[in-house]
Amino acid sequence: MSTNGEFWGTLPDEVTALISLGPDGSKAVDASLRTLVNKITTTSHTESTEEALQLLGTAVGKQKTWQDPFREAGILDYVLRNLGDVSIPLALRRQYLRIIGNCVADNDINREVATKDISKIVDCLPSDDLTPIALAVLFNLCNDFDPAKAAAAVIRLDFTLSGYLAGHRISDAALDYATELLTWTTEKLTAAQFNDDVSLDTFSDLVKVTLNYDEDHYHECVAILVHYLQDPEFQAKVATPELLGDLITLMLDFESRITSDEIRAVFEELAVSKSTEKTTSDNTNVLLAAQLIGNISAVSATDLFAQRFNVRSPVIETIRAKLNASPSPSTICACVMLGNLAMSDEVCTDMVKIMELHLPLAKILSSSTKPALLYAAAGFMRHLTFPEANRAPLADAGLLQTCTALLKQTDAAVRGEAAAIIGKLVTSNLHNIIKVVCEKVGETVVPDAHPIVGVEASSESTVLHQIVEQALAPAGPLPSTAMKNPTVELSRSIVTILRFLGRPSAEDNVDAIREQMLNVPLIARPLAKLVRQRFYADARSEGLLGLGLMAQTSHGAKLLIEEIKEDDGLLEAIKDFAEGKEGGAEQQTGSASGRDYQNAVVLLQALQKNWVSKNSRLLLFLTDA
């Protein structure tokens, strides 16, 4: 016994002597290390063993050249194998962790070995004494080593860490490690993991953590939340009163932290149309704010949001207040959310007649210069124009003039929404048609600096003058074909007016309104352009209908003939419809194609009836048709 006691008393000295030789890779050093492992394995004297292990951990931490010899001699395997033994004192397990952490630092071979036992390292986290060092070891293991990150994701280290953070179980000294590990693990989740209940619990914990977190890690946590929110399936999962309420609070808090220059940059980042000169910002605050606002807005497009929320929900009341506050990027979120709730006539009518949401919305549309905000506000306003009962009040509130001004915007998406609003306002509404055709715009609309040839811009022109002018103006490219094309929407509004005025009517002034409409210069040209374009099939059909309606009077027929003289292609397009070659009866059997054929025939018959000309080529065609 005395010999054994003397032997174990000198174990730290043996380690010190061995370390002093240096990791020269000689067989003698390797043999000594193996002997040392055997001695440590068989000892029961924890104090001297702890000291010896501490010396080993310090040595490999100071001199990385010990990393490979430690692995080859079995020291790394020994500490990994025994780390999970809860019967071993915490003091020894702490030294195991030190050796592992220093052995795997920047050493992929050792990391590969340790990754196989990553769960043993994670199992040390519940012990408060081991939590900080276990996190440091996990950091060294995963840093720049994807296999370890993936292994951490498999065992859902993200869930463990978010719970510890929410429970304030991680010391300030270890917060950097925990936050970085949480980021790495989240990035490695599979699609199935990303959308399971564990991820939702993790996200919920992290939202609470972020709302109460220290400044040093605030942005990292927001970035992780944004990573989750970018997934469309996950967006539906957060459409709950508690979670969405917390997210809106977070969004407003984040927005309050950024500078005025960053606010402007966020508006630019959220714009749906970006010029070629604009590039994605490299400012973290700008990117995170834009992504947070965009993704929280997207939550409101999910079915679960529509099922769980209404305009009176407390969460919606909070975001609704943004309409009356000074405009900011989060106002975009308010417009999108409320717009997605405005999906029925009843709701839209209440929003206008009871809640009067159109008033702050109209103020935004008339005063803001931010395309992102204008697009969102116009989209919301367009929803409010769907109920017929809303159209006259909205026009009386100045919406027609506001939209006419918006047609001067350079952003094609904003112009498209404004044009679509005008089209809705004049649908089945004589009150608004009179406003468009007969009332002067006055000083509301500044004449275009570059008017279209043939259109005499006037500060006292009607809304219809502006519609024609802008329908003929060059249109910029749209980011998406799903967006409203301003040229098409404006031309459609002309057709809508003609259709309403052409119906059997008891109103005495319809003919006079139609005649005043036909007096607008180039009134037929937007419809001719609709017929000539080939991208929007429905719009082409509407253009054909509009020309047919126009040709029902001698004045309208004369205008159409003038357009045909200016553009031979228009006559050929009409001929194709009449002969069934372009969406006509010979090509398709659907109701739309048959209607196009019939409209073309009606148009040509109207021309024969209402106009006589010496143009033999046209007369020949009309006779053949």
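Note that the structure is a prediction, hence the values are computed from the model and not measured. (Residues numbered from 1 in each chain as written. Predicted model: local features only at pLDDT ≥ 70, side-chain atom pairs only at ≥ 80, totals over all residues. Heavy atoms only, no water.)

S.K.: Hey, could you run me through the overall build of the chain in this one?
M.R.: For the chain, the helix and strand inventory stands at 39 helices and 0 strands. Counting all 625 residues of the chain, 53% fall into the buried class. Partitioning the intrachain contacts of the chain with sequence separation of at least 6 by distance along the chain shows that 70% fall at a separation of at least 24. (Helix = DSSP H or I, 4+ residues; strand = E, 2+ residues; numbered from the N terminus. Buried < 20%, exposed > 50% of the residue type's maximum accessible area, 1.4 Å probe, protein only. Contact = heavy atoms within 4.5 Å.)

S.K.: Got a minute to help me understand unusual backbone geometry in this structure?
M.R.: Across residues other than glycine, the phi torsion is negative in most instances, and most of the peptide bonds are trans. Backbone geometry places R156, a non-glycine residue, at a positive phi of 55°. Looking at the secondary structure, you find R156 in the loop between α11 (146-154) and α12 (157-166). Even without a glycine there, the phi angle at L522 is positive, about 60°. With respect to the secondary-structure elements, L522 resides in the loop between α33 (510-518) and α34 (525-532).

S.K.: Mind showing me how you'd approach helix α29 (residues 412-425) here?
M.R.: For an α-helix, the turn length of 3.6 residues means that residues three or four places apart are oriented alike. Given a rise of 1.5 Å per residue, 14 residues ought to cover 20 Å, and the 20 Å separating the end C-alpha atoms of α29 matches this to within 8%. Summarising burial for α29: 13 of the 14 residues are buried, a large majority. Backbone nitrogen of A413 and a side-chain oxygen of the N-cap are separated by 3.0 Å at the start of α29; the cap is D411. (Expected span 1.5 Å × (residues − 1). Polar contact = N/O pair within 3.5 Å; in protein donor to acceptor, adjacent residues only side chain to side chain.)

S.K.: Looking at this structure, I do not really get the pattern of salt bridges. What am I missing?
M.R.: Pairing of side chains with opposite charge becomes possible as their charged atoms draw close. Applying the stated rule across the entire model yields 30 salt bridges. A salt bridge links E255 to K322; the nearest nitrogen and oxygen atoms lie 3.8 Å apart. Of this pair, E255 sits in helix α18 (residues 241-257) while K322 sits in the loop between α22 (314-320) and α23 (329-341), and the two are 67 residues apart along the sequence. Overall, E255 belongs to the buried group, its relative accessible area being 10%. Residue K322 is classed as buried on the basis of its relative accessible area of 13%. A cluster of three or more residues bridged by salt bridges with shared partners is formed by K64, D106, D108 and R111. (Salt bridge = Lys/Arg side-chain N within 4 Å of Asp/Glu carboxyl O.)

S.K.: Could you clarify how one ought to interpret empty space enclosed by the protein in this entry?
M.R.: Space left empty within the atom packing is revealed by a probe, the size of a water molecule, rolled over the atoms. Tallied over the full model, the rule gives 1 cavity of 30 Å³ or more. Each pocket or cavity is described by its volume, and for the largest cavity that value is around 30 Å³. Every residue along the wall of the largest cavity is listed here: H358, A362, M381, L394, A397, G398 and L399. Class assignment for the residues of the lining of the largest cavity results in 5 nonpolar, 2 polar and no charged. (1 Å grid on protein atoms, 1.4 Å probe; cavity = no way out; pocket = protein on both sides within 12 Å on 5 of 7 lines; lining within 4 Å. Points joined across faces, edges and corners; volume = space filled by probe spheres on them. Nonpolar A, V, L, I, M, F, W, Y, C, P; charged D, E, K, R; others polar.)

S.K.: In this structure, what is going on with the packing of helix α25 (residues 358-367) against helix α26 (residues 371-384)? I would like to understand it.
M.R.: Packed helix pairs are specified by the crossing angle of their axes together with the interaxial distance, meaning the distance between the axes. Two elements in contact, α25 and α26, have axes whose closest approach is 9 Å; the angle formed by their N-to-C orientations is 140°. The hand of the α25/α26 crossing is left-handed. In contact with H358, L361, A362, I364 and L365 of α25, α26 contributes L373, L374, A377, A378, F380, M381 and L384. (Axes fitted to C-alpha atoms, helices over the stretch in contact; angles between N-to-C directions. Left-handed = near helix turned anticlockwise from the far one by under 90°.)

S.K.: When you look at the nonpolar core in this model, what are you seeing that I'm missing?
M.R.: Considering soluble globular proteins, one finds that nonpolar side chains tend to be buried as a cluster. The biggest cluster of nonpolar side chains holds 200 residues, and the ones touching the most others in it are L56, I100, F203, I296, M351, L384 and I523. Ignoring sequence-local partners within four residues, the contact set of L56 consists of V15, I19, L36, I40, F70, I75 and I99. (Core = buried A, V, L, I, M, F, W, Y, C linked by side-chain atoms within 4.5 Å.)

S.K.: Can you walk me through the packing of aromatic side chains in this structure?
M.R.: Each pair of aromatic rings is reported with the distance of its centres and the angle of its planes. Within the structure shown, the criterion is met by 12 aromatic pairs. A ring pair is formed by Y218 and F254, whose centres lie 5.8 Å apart and whose planes are at 15°; its orientation type is stacked. In this pair, Y218 is assigned in helix α16 (residues 218-229) and F254 in helix α18, connecting sequence segments 36 residues apart. Residue Y218 shares its accessibility class with F254, and that shared class is buried. Taken together, the aromatic side chains of F194, F203, Y228 and F234 make up a single cluster linked through ring pairs. For the cation-ring pair, K424 lies above F386, with the distance from its terminal atom to the ring centre recorded as 4.4 Å. The ring of F500 carries R503 above its face, with NZ or CZ at 3.8 Å from the centroid. (Phe/Tyr/Trp six-rings, centres within 6.5 Å; stacked < 30°, edge-to-face > 60°. Lys NZ or Arg CZ within 6 Å of the ring centre and 35° of its normal.)

S.K.: For this particular structure, what's the right way to read the layout of surface pockets?
M.R.: Taken as a whole, the largest pocket encloses approximately 600 Å³ of empty space. Lining the largest pocket are 24 residues; nearest its centre among them are V272, S297, I332, V336 and Y375. Here the residues of the lining of the largest pocket are counted per class, giving 14 nonpolar, 7 polar and 3 charged.

S.K.: How do you make sense of the environment of E242 when you look at a structure like this?
M.R.: For E242, the location among the structural elements is in helix α18. Note: C-alpha distance between E242 and V315 (73 residues apart in sequence) is 8.5 Å.

S.K.: Explain the side chain of N599 here, please?
M.R.: Structurally, N599 can be placed in helix α38 (residues 591-610). Leave out the neighbours within four places in its chain, and N599 touches L544 and L545.

S.K.: Quick question: what am I supposed to make of helix α13 (residues 175-187) here?
M.R.: With 13 residues, α13 ought to run about 18 Å at 1.5 Å a step, and its terminal C-alpha atoms sit 18 Å apart, in line with that. Buried-residue contacts for α13 involve α10 (131-142), α11, α12, α14 (191-194), α15 (197-211) and α16.

S.K.: When you look at the packing of α34 against helix α35 (residues 537-550) in this model, what are you seeing that I'm missing?
M.R.: Close contact between α34 and α35 brings their axes to 7 Å; oriented N to C, the two are set at 140°. The pairing of α34 with α35 is recorded here as oblique in orientation. Here α34 runs over α35; the crossing is left-handed. On α35, the residues that touch L527, A528, L530 and V531 of α34 are A539, R540, G543, L544, G546, L547 and M550. (Parallel < 35°, antiparallel > 145°, perpendicular 65-115°, else oblique.)

S.K.: Just to check I follow, could you spell out the confidence of the model for the chain for this structure?
M.R.: Any segment with low pLDDT has predicted coordinates that should not be analysed in fine detail. For the chain, the mean per-residue pLDDT works out to 88, and 89% of the residues sit at or above 70. A low-confidence stretch, residues 1-9 (pLDDT under 50), is modelled with 8 contacts involving residues beyond four sequence positions or located in other chains. The model gives residues 583-589 a pLDDT under 50, and that stretch makes 15 contacts with residues more than four places away or in other chains. (pLDDT = per-residue confidence, 0-100.)

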